Amino acid sequence: MNKHINRRRFSASMALTAVATAALLTGCGKVPDTIKIGVAQPLSGPLGALGQDLLNGVKLAVDELNKSGYTVDGKRVTLEIVSVDDKADAATGKAVAQQLVDAGVVAVVGHLNSGVSIDTAPIYAAKDIPQIAISTNPKFTQLGFPTTFRMVANDTLQARAIGSFAATQLGANRYAALDDGTPYGKGLADGAAAQLKAEKKEVVMRKSFDDKTVAFDELAGELKAANVEVIVSTLNDFQALALLESLKKVDHTKVSLLGGDTIKTTDMTKGAGIVQGLYATSPVLEAKEFTTGKPFLEKYIAAFKKPPAYGGHYSYDSTYVLSAAIQKAKSADPKDITKALHSINGYAPVIGTMTWDDKGEQRYGAVGVYELRSGNWELRMRSDRW
């Protein structure tokens, strides 16, 4: 026996089903089962330990979020990391940035080096992908892209910290300013030299090198001849160590060296005792300086069997704030996430909060000055004003 089909009711039912199906597909498209987060850092070469530390911070946060049952707009979502090695090189950085874009990441935690962050920013911006970098060169957030976000204070504040501390705390009159030729190093050294001059101090030598130079015997002789008392340097740690050895050769060790955050490393402790004083400034404050730093350090060491090398707590916090922005946006669309990041006052488990101005600068970034004592970098002072 054949049943008669009411065509009018059947057509209406089909139409309703189509609408419902479209709505479901739209919802699934907006919030997929897996959301990919890109991490672009130097994972090999001289800065490999720092880049790996930043990757570890993201890994720790993602593992915790996934285990906690992370949801977006009521839907259970898995966060997935797509990591690439930029080799601290701008050309490589651009190539791997495109790889992340092609992989469908919704945001990128990267890069460490300012030159790499600056050159890759247009690639991410073209696809509205937010880029959260620990790079400190002011140019990064001055490019005019809404997608650039900085984890820490920039070099404008750090340069003032270097110049101000060197001028007021080290009791000298004759200064030298050296840089490694990178956008980070050159910009920071220029700013420090300008601050020293504003403090009525004499910068008797201003020199640039590349970021691989380790032959400094000639420079050491020139520093001695110029009777330089304080060396302001943005060289890398292995370069600064080579310079200290050269200063020892020419018996010009009654000097202080004040560097940027590229010398605030465990390797730099090899230089202890060679010169009168070793100091470093850094917008990357140590996890132990925060009241909630101890639990983070315990979790980090348990997971990776070693303490953080640099700024893993900042990438950890950035990932948590990013995850909150995705929830606020109720979307995995990079443009929606970028908008949410600009408006969020994000809870950061270690440093307390991360919030950005319209250019992507940290509102509460500070710079610390550290002194190498008894094999450890000890905080002398820190400020968000300088």
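Residues numbered from 1 in each chain as written. Predicted model: local features only at pLDDT ≥ 70, side-chain atom pairs only at ≥ 80, totals over all residues. Heavy atoms only, no water.

### Considerations on the pattern of salt bridges
Put simply, the rule is: Salt bridge, as used here, is a side-chain nitrogen of Lys or Arg placed within 4 Å of a carboxyl oxygen of Asp or Glu. Strands here are runs of E lasting at least two residues and helices are runs of H or I lasting at least four, both read from the DSSP assignment and numbered beginning at the N terminus.
Applying the stated criterion across every chain yields a total of 18 salt bridges. Across the pair Glu289 and Arg382 runs a salt bridge whose closest N-O atoms are separated by 3.2 Å. Pair noted here: Glu289 is in the loop between β12 (277-282) and α9 (293-304) and Arg382 is in strand β16 (residues 376-383), with a separation of 93 residues, a long-range link. Glu378 is paired through a salt bridge with Arg373; the nearest N and O atoms lie 3.7 Å apart. Linked by salt bridges that have partners in common, Glu371, Arg373, Glu378 and Arg380 make up one network.

### Some details on the confidence of the model for the chain
Interpretation of this model should avoid reading the predicted coordinates in detail wherever pLDDT is low. Put simply, the test is: Residue-level confidence of the predictor, termed pLDDT, takes values from 0 up to 100. Any two residues whose heavy atoms approach within 4.5 Å at even a single point are treated as in contact.
Per-residue confidence for the chain gives a mean pLDDT of 92, with 92% of residues at or over 70. For the chain, helix α1 (residues 7-30) is the element with the lowest average pLDDT, namely 43, and strand β5 (residues 107-109) is the one with the highest, namely 99. Note that residues 1-28 has pLDDT below 50 and, in this model, two contacts with residues that lie over four places away or in other chains.

### Topic: unusual backbone geometry
Under the convention used in this document: Type-normalised accessible area, obtained with a 1.4 Å probe on protein chains alone, sets the label of each residue: buried when under 20%, exposed when over 50%, and partly exposed for intermediate values.
Residue Gly110 is joined to His111 through a cis peptide bond whose omega torsion reads 15°. Mapping His111 onto the fold places it in the loop between β5 and α4 (114-125). The backbone of Asp73 shows a phi angle near 55°, a positive value even though the residue is not glycine. Within the fold, Asp73 resides in the loop between β2 (71-72) and β3 (75-76). Here Asp73 falls in the exposed class, since its relative accessible area comes to 53%. A positive phi angle, near 65°, is found at Lys200, a position not held by glycine. A relative accessible area of 77% means that Lys200 is categorised as exposed.

### Points about the sheet that holds strand β1 (residues 34-41)
Applicable threshold: In this scheme, strands are said to pair when DSSP sees at least two bridges between them. Axes here mean lines fitted to C-alpha atoms, for a helix over just the part in contact, with angles spanning 0 to 180 degrees between N-to-C directions.
The sheet built from five strands is open, its strands ordered β4-β1-β5-β6-β7 with parallel pairing. Across the chains shown, the open sheet's two edge strands, defined by having one partner strand only, are β4 (78-85) and β7 (148-150). Adjacent strand axes in the sheet meet at a mean angle of 25°, parallel and antiparallel pairs treated alike. Examined bridge by bridge, strand β6 (residues 131-133) and β7 share three bridges and lie parallel to one another. Among the inter-strand pairings, Ile132 is bridged to a residue of β7, identified as Phe149.

### Remarks on the sheet that holds strand β9 (residues 202-208)
The strand order β9-β8-β10-β11-β12-β15-β16 describes an open sheet built from seven strands, whose pairing is mixed. Of all strands in the sheet, those bounded by a partner on one side alone are β9 and β16. Between one strand and the next, the sheet's axes are offset by a mean angle of 20°, whatever the strand orientation. Pairing analysis gives four bridges linking strand β10 (residues 230-233) to strand β11 (residues 256-259), with the strands arranged parallel. In the sheet register, Val232 faces β11, and the bridge partner there is Leu258.

### Here we look at α4
For the record, the criterion: Expected span of a helix: the number of residues minus one, times 1.5 Å.
If you check α4, its first and last C-alpha atoms are 16 Å apart, about what twelve residues at 1.5 Å a residue would give, namely 16 Å. A large share of α4 lies buried, amounting to ten of its twelve residues.

### Topic: the packing of aromatic side chains
Here is the rule we go by: Here the aromatic set is Phe, Tyr and Trp, taking the six-membered ring for Trp, and pairing holds for ring centres within 6.5 Å; pairs whose planes are under 30 degrees apart are stacked, those over 60 apart are edge-to-face, and all others are tilted.
Scanning all chains against the criterion turns up seven aromatic pairs. Between Phe296 and Tyr316 the ring centres are 4.9 Å apart and the planes differ by 55°, which places this aromatic pair in the tilted class. Here Phe296, found in helix α9, pairs with Tyr316, found in helix α10 (residues 312-329); they are 20 residues apart in sequence, far enough to count as distant. An identical accessibility class is assigned to Phe296 and Tyr316; each is buried.

### Points about the packing of helix α2 (residues 48-67) against α9
Each pair of packed helices can be summarised by the angle the axes make with each other and by the distance between the axes. Put simply, the rule is: Roughly parallel means an angle under 35 degrees; roughly antiparallel means over 145; roughly perpendicular covers 65 to 115; every other angle is labelled oblique.
As a packed pair, α2 and α9 sit with axes 11 Å apart at the nearest point and diverge in direction by 100°. In this view, α2 runs roughly perpendicular relative to α9, as classed from their interaxial angle. On α9, the residues that touch Asp53, Asn56, Gly57, Lys59, Leu60 and Glu64 of α2 are Phe296, Lys299, Tyr300, Ala303 and Phe304.

### What to know about the environment of Val321
Mapped onto the elements of the fold, Val321 is located in helix α10. For Val321, a relative accessible area of 1% gives the class buried. For the pair Val321 and Lys197, spaced 124 residues apart in the sequence, the C-alpha separation amounts to 39 Å.

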